[in-house]
Amino acid sequence: MPRVYNFSAGPAMLPEEVLQQAREELLDWRGSGMSVMEMSHRGKEFMSIAAQAEASLRELMAIPDHYKVLFLQGGASSQFAMVPLNLLGGKGRADYVDTGSWSKKAISEARRYCEVNIACATEYRAPSQDELQLDPDAAYLHYTPNETIAGVEFPYIPDAGEVPLVADMSSTILSRPLDVSRFGVIYAGAQKNIGPAGLTVVIVREDLLGEPRSGTPTMFSYRIHAENGSMYNTPPTYAWYLAGLVFDWIKRKGGLEAMARINRRKAEKLYAAIDGSDFYHNPVDRGSRSWMNVPFTLADPSLDDTFLAEAKKHGLVTLKGHRSVGGMRASIYNAMPEEGVDALVAFMAAFEKRYG
Ligand code: PMP
């Protein structure tokens, strides 16, 4: 079976070169006589793997020295709680922008710990800076730069004024260059643009590593993880290693500028195919369309199953839209080759000719 073009929203495709390298190193990592999976996380081999992965990520994203990079577990969903637990300080309020399903999940978790001010709520588009109604007493401003389900992406970084800006970058991190210094906290589940599920990357400005709210579990404290180099407990070692291989792959490909050029081109091709037809439709405001997740519907939803079945025969899989919205969704993260998007566009045109 040849490898398919997998449009899954996550866990998603990994670069084939990375998988090949992992296979070569699977039984014996560079003469150690062990698999990375079998290494002590405190041994010198794994410590070098961990340090190298962090150094590569710092280089790729140009992360300033006064930020810590944490390699955690628990997914982005745990961050929905860790953010308020660690950042509220003495305050009882936080600002949240609601642009869709993942924003809503973050908001409902935050409501367990504080009063949430919805700075703005929009559907199918990102709000403009002028629309954000910020609470002067908020401890931070949280937003979701890319809503994975609806495919809504912010075309700019909001200005949070004096308070820290917190971003759930799960489905957009590493897709383009980013000015990390604009943020207090950036977090991302790994299973889209970073590596395998099980790893969560958190980038946090050092001055925010204060005492968490009383009663916070030790494992939910940023400060504890930062003080222990993400090794307070056993970290997800194999996922951390694979993430390092992905970071090095991005570096070899030309870094985040190169990723941005390719990602923009891939997305433009797909949106052009959708907009150029009466058969396919994407409801998102053009200025807020995601480069990473492209949902679309067919003019006749009774053809959805046929579309999916025929796409699969062409090696184009996991195109079914999220259960909450239906239709299709093509997730085209860094590891989706441009040829995969070209194949999808060609298939969509042929399908429309036959059934449209
Ligand atoms: N936030 C966003 C934007 C996501 O896309 C996802 C996962 N699809 C999550 C949070 C939840 O991530 P996890 O499953 O790693 O908890």
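Cut-offs applied
- By convention here, each chain's residues receive numbers from 1 onward along its written sequence.
- Whole-chain, interface and lining totals are the exception, using all residues; otherwise, since this is a predicted model, local features are given only for residues with pLDDT of at least 70 and side-chain atom pairs are given and counted only at 80 or more.
- No hydrogens and no water enter the side-chain calculation; it runs on all heavy atoms of the structure.
- As used throughout, domain bounds are those supplied by an automatic or database domain assignment.
- By definition in these notes, contact holds between two residues if any of their heavy atoms fall within 4.5 Å.
- Buried surface area refers to the total accessible area, computed with a probe of radius 1.4 Å, that the two partners give up upon joining, counted for both partners together.
- One speaks of a salt bridge when a side-chain nitrogen belonging to Lys or Arg is within 4 Å of a carboxyl oxygen belonging to Asp or Glu.
- As used in this structure description, the phrase polar contact means that two N or O atoms lie within 3.5 Å; if the pair is within protein, one of them must be able to donate a hydrogen and the other to accept it, and residues adjacent in sequence are counted only when both atoms belong to side chains.
- Here a helix means four or more residues in a row that DSSP labels H or I, a strand means two or more in a row labelled E, and each is numbered from the N terminus.
- Residues are grouped as follows: Ala, Val, Leu, Ile, Met, Phe, Trp, Tyr, Cys and Pro are nonpolar; Asp, Glu, Lys and Arg are charged; all remaining types, including Gly, are polar.
- In this description, strands pair whenever DSSP reports at least two bridges between them.
- Between N-to-C directions, angles cover 0 to 180 degrees, with each direction set by a line fitted to C-alpha atoms, over the stretch in contact for helices.
- Nearness is defined per residue: one heavy atom within 4 Å of the molecule or strand is enough.
- Reported accessibility uses the Shrake-Rupley method at a 1.4 Å probe radius. Residues are deemed covered only where the shown protein chains occlude them.
- Buried residues are those whose accessible area, probed at 1.4 Å on protein chains only, stays under 20% of the maximum for their type, while exposed residues exceed 50% and partly exposed ones sit between those limits.

1. Describing the domain arrangement of the chain
Part 1: Segmenting the chain into domains produces domain 1 (16–252) and domain 2 (254–355).
Part 2: Placing a centre on the C-alpha atoms of domain 1 and another on those of domain 2 gives a separation of 27 Å.
Part 3: The interface of domain 1 with domain 2 comprises 25 residues on the first partner and 25 residues on the second.
Part 4: Between domain 1 and domain 2 the total buried area reaches about 2,000 Å² when both faces are included, carbon and sulfur atoms providing 58% of it.
Part 5: Summed over the three residues of domain 1 that lose the most area to domain 2, namely Y124, I149 and R176, the buried surface amounts to 25% of that side.
Part 6: Counting every contact that joins domain 1 to domain 2 gives 0 salt bridges.
Part 7: Our count for the contact surface shared by domain 1 and domain 2 stands at 15 residue pairs in polar contact (both at pLDDT 80 or more).
Part 8: Listed by contribution, the elements that provide at least two residues to the side of domain 1 that touches domain 2 are α2 (44–61), β7 (152–153) and α6 (237–252).
Part 9: Broken down by element, the side of domain 1 that touches domain 2 gets its largest block of residues, 4 residues, from α6.
Part 10: Per-class residue counts for the side of domain 1 that touches domain 2 are 12 nonpolar, 7 polar and 6 charged.

2. Some words on the sheet that holds strand β9 (residues 185–189)
Part 1: If you walk across this open sheet you meet the 7 strands as β2-β10-β9-β8-β5-β3-β4, and the pairing is mixed. Lying at the two open borders of the sheet, with one neighbouring strand each, are β2 (67–72) and β4 (115–121). Neighbour-to-neighbour, the strand axes of the sheet open up by a mean angle of 15°, direction not taken into account.
Part 2: When β2 meets strand β10 (residues 200–205), the two strands line up antiparallel, connected through 6 bridges. Bridging across to β10, F71 finds its partner in V201.
Part 3: Against the sheet, α2 engages β2 and β10, with an angle of about 130° to β2.

3. Thoughts on the site of the ligand
Part 1: Near the ligand you find G75, A76, S77, F80, W102, N146, T148, D168, S170, Q191 and K192, and these make up its full shell.
Part 2: Side-chain polar atom of S77 to an oxygen atom of the ligand: 2.6 Å apart, as the coordinates give it.
Part 3: A distance of 3.0 Å separates an oxygen atom of the ligand from a polar atom in the side chain of Q191.
Part 4: Expressed as a share of its isolated accessible area of 400 Å², the protein-covered part of the ligand is 84%.
Part 5: Of all the elements, helix α3 (residues 75–87) adds the most residues to the shell around the ligand, at 4 residues.
Part 6: Taken together, the residues that form the shell around the ligand break down as 3 nonpolar, 6 polar and 2 charged.

4. Quick notes on the sheet that holds strand β12 (residues 293–298)
Part 1: The strand order β11-β12-β14 describes an open sheet built from 3 strands, whose pairing is antiparallel. Here the strands that pair on one side only, and so sit at the sheet edges, are β11 (280–281) and β14 (328–331).

5. Concerning the side chain of T216
Part 1: Secondary-structure assignment places T216 in the loop between β10 and α5 (222–227).
Part 2: Residue contacts for T216: discarding those within four places in its chain leaves L85 and S221.

6. Quick word on the pattern of salt bridges
Part 1: What the rule picks out here adds up to 24 salt bridges.
Part 2: Where K251 meets E59, a salt bridge forms, and the shortest distance between an N and an O atom there is 3.3 Å. Here K251, found in helix α6, pairs with E59, found in helix α2; they are 192 residues apart in sequence, far enough to count as distant.
Part 3: Under the relative-accessibility criterion, E59 is labelled exposed at 54%.
Part 4: With a closest N to O distance of 2.7 Å, R205 and D207 form a salt bridge.
Part 5: Judged by relative accessible area, D207 falls into the exposed class, the value being 53%.
Part 6: Among the ionic contacts, a cluster of salt bridges with common partners joins R265, K269, E338 and D342.

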